Amino acid sequence: MKTLIVFYSLEGNTKIIADILAEELDSECIELKPDKEIPKGGFTKFLWGGKSVLFHEKPTLTNEFPDIDEYDTIFIGTPIWASSYTPPIASFLEKVSIRGKKIALFACHAGGGAEKCFEKLKSQLNDNQIIGTITFTDPGKEEREKIKAQLKHWLHEIT
Ligand SMILES: Cc1cc2nc3c(=O)[nH]c(=O)nc-3n(C[C@H](O)[C@H](O)[C@H](O)COP(=O)(O)O)c2cc1C
């Protein structure tokens, strides 16, 4: 059985984590791409992103997904927006039925909201076994080797 990594990243932090995980696990990795991306940078992203979380928006994704039955473990990664997971993750969870899997959650944030975000994800994924969670604050500012070591340690604990 195989492992799949699915993540969304607006500004690259969550992608750093997903890329290292894909390398360490030698697994497939899908970056969720909404058909209309919110503006990056500046303050507008907070308005657009905050609104999309509050209104429970589920943007159309341009991705194609493999048969989820082929995988027994799925890593799901998201930036934290308004103490929640991002709308593209909501779209993914609606589009793909995930049951009976081992699930590991990773998130990037700027200082808060991870607990609430994971609670919400866990309740969306309640037919699965959550094997672990990990968070990072601005990993783009850290040395890659340091992040890699943290991830290796985490993977050793959960797999
Ligand atoms: C719309 C929006 C809402 C955010 N809300 C939070 C939040 O509630 N808590 C927090 O710590 N960071 C928040 N952030 C910061 C991001 O979680 C953080 O910058 C993260 O590293 C971005 O990941 P990315 O580079 O993969 O997009 C928010 C960012 C945006 C754009």
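Residues numbered from 1 in each chain as written. Predicted model: local features only at pLDDT ≥ 70, side-chain atom pairs only at ≥ 80, totals over all residues. Heavy atoms only, no water.

The protein is annotated in an unreviewed UniProt entry as Flavodoxin from Anaerocolumna chitinilytica.

A. Highlighting the packing of helix H1 (residues 13–25) against helix H5 (residues 144–158). Packing of H1 against H5 leaves a shortest axis separation of 10 Å and a crossing angle of 55 degrees. One finds that H1 runs oblique with respect to H5. Two packed elements cross with a definite hand, and for H1 against H5 that hand is right-handed. Residue-level contacts link Ile16, Ile17, Ile20, Leu21, Glu23, Glu24 and Leu25 of H1 to Arg144, Ile147, Lys148, Leu151, Lys152, Trp154 and Leu155 of H5. (Axes fitted to C-alpha atoms, helices over the stretch in contact; angles between N-to-C directions. Helix = DSSP H or I, 4+ residues; strand = E, 2+ residues; numbered from the N terminus. Parallel < 35°, antiparallel > 145°, perpendicular 65-115°, else oblique. Left-handed = near helix turned anticlockwise from the far one by under 90°. Contact = heavy atoms within 4.5 Å.)

B. Layout of the pattern of salt bridges. Counting across every chain of the model gives 13 salt bridges. Lys45 serves as the salt-bridge partner of Glu11, at 2.9 Å between the closest nitrogen and oxygen. Within this pair, whereas Glu11 is found in the loop between strand E1 (2–7) and H1, its partner Lys45 is found in helix H2 (residues 44–54), the two being separated by 34 residues in sequence. Using a relative accessible area of 16% as the deciding quantity, one classes Lys45 as buried. Taken together, the salt bridges that share partners define one network made up of Lys15, Asp19, Glu31 and Lys33. (Salt bridge = Lys/Arg side-chain N within 4 Å of Asp/Glu carboxyl O. Buried < 20%, exposed > 50% of the residue type's maximum accessible area, 1.4 Å probe, protein only.)

C. Molecular detail of the UniProt feature "domain: Flavodoxin-like" (unreviewed entry) in the protein. Per the UniProt annotation, the sites labelled "domain: Flavodoxin-like" (unreviewed entry) are residues 3–159. Within residues 3–159, the helical portion is 38% and the strand portion 22%, while the C-alpha atoms at the span's ends are 11 Å from each other. (UniProt positions renumbered as here; feature names shortened; annotations may be inferred.)

D. How the structure looks around helix H3 (residues 87–95). When you tally the buried positions in H3, you get 7 out of 9 residues, the bulk of the element. Among all positions in H3, only Pro87, Pro88, Ile89, Ala90, Ser91, Phe92 and Leu93 are buried. The inward-facing, buried residues of H3 contact E1, H2, strand E3 (71–79) and helix H4 (114–124).

E. Expanded view of a nonpolar patch on the surface. The grouping of Phe43, Phe46, Leu47 and Trp48 at the surface amounts to a nonpolar patch, some 490 Å² of accessible area in total. If you trace the backbone, Phe46 turns up in helix H2. (Patch = residues over 30% accessible without salt bridge, like charges linked within 9 Å, V, L, I, M, F, W, Y side chains within 5 Å. Areas by Shrake-Rupley, 256 points an atom, 1.4 Å probe, with all protein chains shown as cover.)

F. Focus on the packing of aromatic side chains. Within this structure, the stated rule accounts for 4 aromatic pairs. Seen from their ring centres, Tyr8 and Trp81 are 6.0 Å apart, and the 90 degrees between their planes marks the pair as edge-to-face. On the criterion of sequence distance, the pair formed by Tyr8 in the loop between E1 and H1 and Trp81 in the loop between E3 and H3 is long-range, its members being 73 residues apart. The two residues Tyr8 and Trp81 agree in class, both being buried. Between Phe65 and Phe92 the ring centres are 5.3 Å apart and the planes differ by 50 degrees, which places this aromatic pair in the tilted class. Pair noted here: Phe65 is in the loop between H2 and E3 and Phe92 is in helix H3, with a separation of 27 residues, a long-range link. (Phe/Tyr/Trp six-rings, centres within 6.5 Å; stacked < 30°, edge-to-face > 60°.)

G. Local environment of the site of the ligand. Neighbouring the ligand are 20 residues, the closest being Ser9, Asn13, Thr14, Ile80 and Gly112. Asn13 is positioned with one of its backbone polar atoms (N or O) 2.8 Å from an oxygen atom of the ligand. In the environment of the ligand, an oxygen atom lies 2.9 Å from a nitrogen or oxygen atom belonging to the backbone of Ala110. In the complex, 88% of the free accessible area of the ligand, which totals 650 Å², lies under the protein chains. Mapping the ligand onto the cavity grids shows that it belongs to the largest pocket. Counting only elements with at least two residues in the shell around the ligand, the list comes to H1, H2 and strand E4 (102–109). Of the residues forming the shell around the ligand, the biggest block, 4 residues, is contributed by H2. In terms of residue class, the shell around the ligand is made up of 8 nonpolar, 10 polar and 2 charged. (Near = heavy atom within 4 Å. Polar contact = N/O pair within 3.5 Å; in protein donor to acceptor, adjacent residues only side chain to side chain. 1 Å grid on protein atoms, 1.4 Å probe; cavity = no way out; pocket = protein on both sides within 12 Å on 5 of 7 lines; lining within 4 Å. Sits in = over half its atoms within 2 Å of the grid points. Nonpolar A, V, L, I, M, F, W, Y, C, P; charged D, E, K, R; others polar.)

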